Amino acid sequence: KTKGSNNHAKTRLLKAKTYGRIRNQRRDMAYKLASKVAGENQAVALETLNVKGLARTRMAKSLLDANWTRIIDRIQQLGVQYGRTVKRIDRWYPSSQICSQCGRRDGRKPLDIREWECPQCGIRLDRDWNAALNILDAAGLAESLNARGGDVRRRLAQTGRNADAREAGTRRTARLH
Ligand SMILES: [Zn+2]
């Protein structure tokens, strides 16, 4: 497709259309997710990710593909509109280093470690669900969980692990100690 030819112009147009469509789909997905989160929850706690910093790492593609900044901004907008409590926690808060059950801090873990056993209290923790509980705590939104007793927390800390394992049909496990 020589530059300046009809075919060249057609291809360029097609490319632009395709990218436009992908962009629209991403925006649509971000809006739907934000609307679900803000619509179904009275309170939302968000971790302040260092998006610019992460965009310079090997996480960049998944992060930018996921439209993270747009999703978070939209959750905040809708949260105001719907009268939700939306809290953001410090970007330096080590949500994946702390055991959500006993508070032990046992350091950074490589990203491929999706679950581990707390060396202090022995509970098996799912990386994402454990971090989510810690974020709730940090945002001061965990009182209702505490009021329902330790068992709720315990099950939540492990929920994702079980669901993920069912979904993937595999168990990604590692011991850190
Ligand atoms: Zn623990």
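1. Considerations on the coordination of the zinc ion
Think of it this way: four donors in a tetrahedron around the metal ideally sit 109.5 degrees apart, and six in an octahedron ideally sit 90 or 180 degrees apart.
Here is step 1 of the chain: For the zinc ion, the full set of protein donor atoms is Cys99 (SG), Cys102 (SG), Cys118 (SG) and Cys121 (SG), and the range of their distances to it is 2.3 Å.
Here is step 2 of the chain: What the 4 donor atoms of the zinc ion show is an angle range of 107 to 114° at the metal, which sorts the shape as tetrahedral.

2. Notes on the confidence of the model for the chain
Here is step 1 of the chain: In this model, the chain carries an average pLDDT of 82, and 85% of its residues clear a pLDDT of 70 or more.
Here is step 2 of the chain: Averaged pLDDT values for the elements of the chain fall to 68 in helix α7 (residues 150–168) and rise to 92 in strand β4 (residues 124–126).
Here is step 3 of the chain: In the predicted structure, residues 169–177 sits below a pLDDT of 50 and forms 20 contacts with residues beyond four places in sequence or in another chain.

3. Some thoughts on the packing of helix α1 (residues 6–40) against helix α4 (residues 68–82)
Here is step 1 of the chain: One way to put it is that α1 packs onto α4 with a least axis distance of 8 Å and a crossing angle of 40°. Classed by the angle they form, the pair α1 and α4 counts as oblique. The handedness of the crossing between α1 and α4 comes out as right-handed. Across the interface between the two elements, Arg27, Ala30, Tyr31, Leu33, Ala34, Ser35, Val37, Ala38 and Gly39 from α1 touch Arg70, Ile71, Arg74, Ile75, Leu78, Gly79 and Tyr82 from α4.
Here is step 2 of the chain: Partitioned by chemical class, the residues of the contact of α1 with α4 number 10 nonpolar, 3 polar and 3 charged.

4. A word on the pattern of salt bridges
Here is step 1 of the chain: Counting across every chain of the model gives 7 salt bridges.
Here is step 2 of the chain: In this structure, the salt-bridge partner of Asp128 is Arg114, at a minimum N-O distance of 2.9 Å. In this pair, Asp128 is assigned in helix α5 (residues 127–138) and Arg114 in the loop between β2 (85–89) and β3 (115–117), connecting sequence segments 14 residues apart.
Here is step 3 of the chain: Taking relative accessible area as the criterion, Asp128 reaches 44% and is therefore assigned partly exposed.
Here is step 4 of the chain: For Arg153, the salt bridge is made with Asp137, and the minimal N-O distance between the two is 2.7 Å.

5. Section: the packing of aromatic side chains
Here is step 1 of the chain: Scanning the entire structure with this criterion turns up 0 aromatic pairs.
Here is step 2 of the chain: Over the aromatic face of Tyr31 sits the side chain of Arg74, whose NZ or CZ is 4.6 Å from the ring centroid.
Here is step 3 of the chain: Here the basic side chain of Lys109 rests over the ring of Trp116, its NZ or CZ set 4.4 Å away from the ring centre.

6. Digging into the nonpolar core
Here is step 1 of the chain: One finds Cys99, Ile113, Trp116, Cys118, Ile123, Leu125, Leu133, Leu145, Val152 and Ala157 forming the largest nonpolar core, which totals 10 residues.
Here is step 2 of the chain: Excluding residues that lie within four positions of it along the chain, Cys99 makes contacts with Arg104, Cys118, Cys121, Ile123, Leu125, Asn130 and Asn134.
Here is step 3 of the chain: Counting 9 residues, the second largest nonpolar core, distinct from the first, contains Ala30, Ile72, Ile75 and Leu78.

7. What about α4?
Here is step 1 of the chain: The terminal C-alpha atoms of α4, which comprises 15 residues, lie 21 Å apart, in line with the 21 Å expected from a rise of 1.5 Å per residue.
Here is step 2 of the chain: Within the sequence span of α4, burial applies to Ile71, Ile72, Ile75, Leu78 and Gly79. The buried residues of α4 occupy an angular sector of 135° when projected down its axis, which confines them to one face. Of the exposed residues in α4, the ones pointing more than 90 degrees away from its buried face are Val80 and Gln81.
Here is step 3 of the chain: Among the structural elements, α1, β1 (43–47) and β2 are those in contact with the buried residues of α4.

Criteria and thresholds
- Residues numbered from 1 in each chain as written.
- Predicted model: local features only at pLDDT ≥ 70, side-chain atom pairs only at ≥ 80, totals over all residues.
- Heavy atoms only, no water.
- Donors = N, O, S within 2.8 Å, 3.2 Å for Na, K, Ca; no water.
- Tetrahedral: all angles 85-135°; square planar, octahedral: opposite > 155°, others 65-115°.
- pLDDT = per-residue confidence, 0-100.
- Helix = DSSP H or I, 4+ residues; strand = E, 2+ residues; numbered from the N terminus.
- Contact = heavy atoms within 4.5 Å.
- Axes fitted to C-alpha atoms, helices over the stretch in contact; angles between N-to-C directions.
- Parallel < 35°, antiparallel > 145°, perpendicular 65-115°, else oblique.
- Left-handed = near helix turned anticlockwise from the far one by under 90°.
- Nonpolar A, V, L, I, M, F, W, Y, C, P; charged D, E, K, R; others polar.
- Salt bridge = Lys/Arg side-chain N within 4 Å of Asp/Glu carboxyl O.
- Buried < 20%, exposed > 50% of the residue type's maximum accessible area, 1.4 Å probe, protein only.
- Phe/Tyr/Trp six-rings, centres within 6.5 Å; stacked < 30°, edge-to-face > 60°.
- Lys NZ or Arg CZ within 6 Å of the ring centre and 35° of its normal.
- Core = buried A, V, L, I, M, F, W, Y, C linked by side-chain atoms within 4.5 Å.
- Expected span 1.5 Å × (residues − 1).
- Arc of directions from axis to C-beta.

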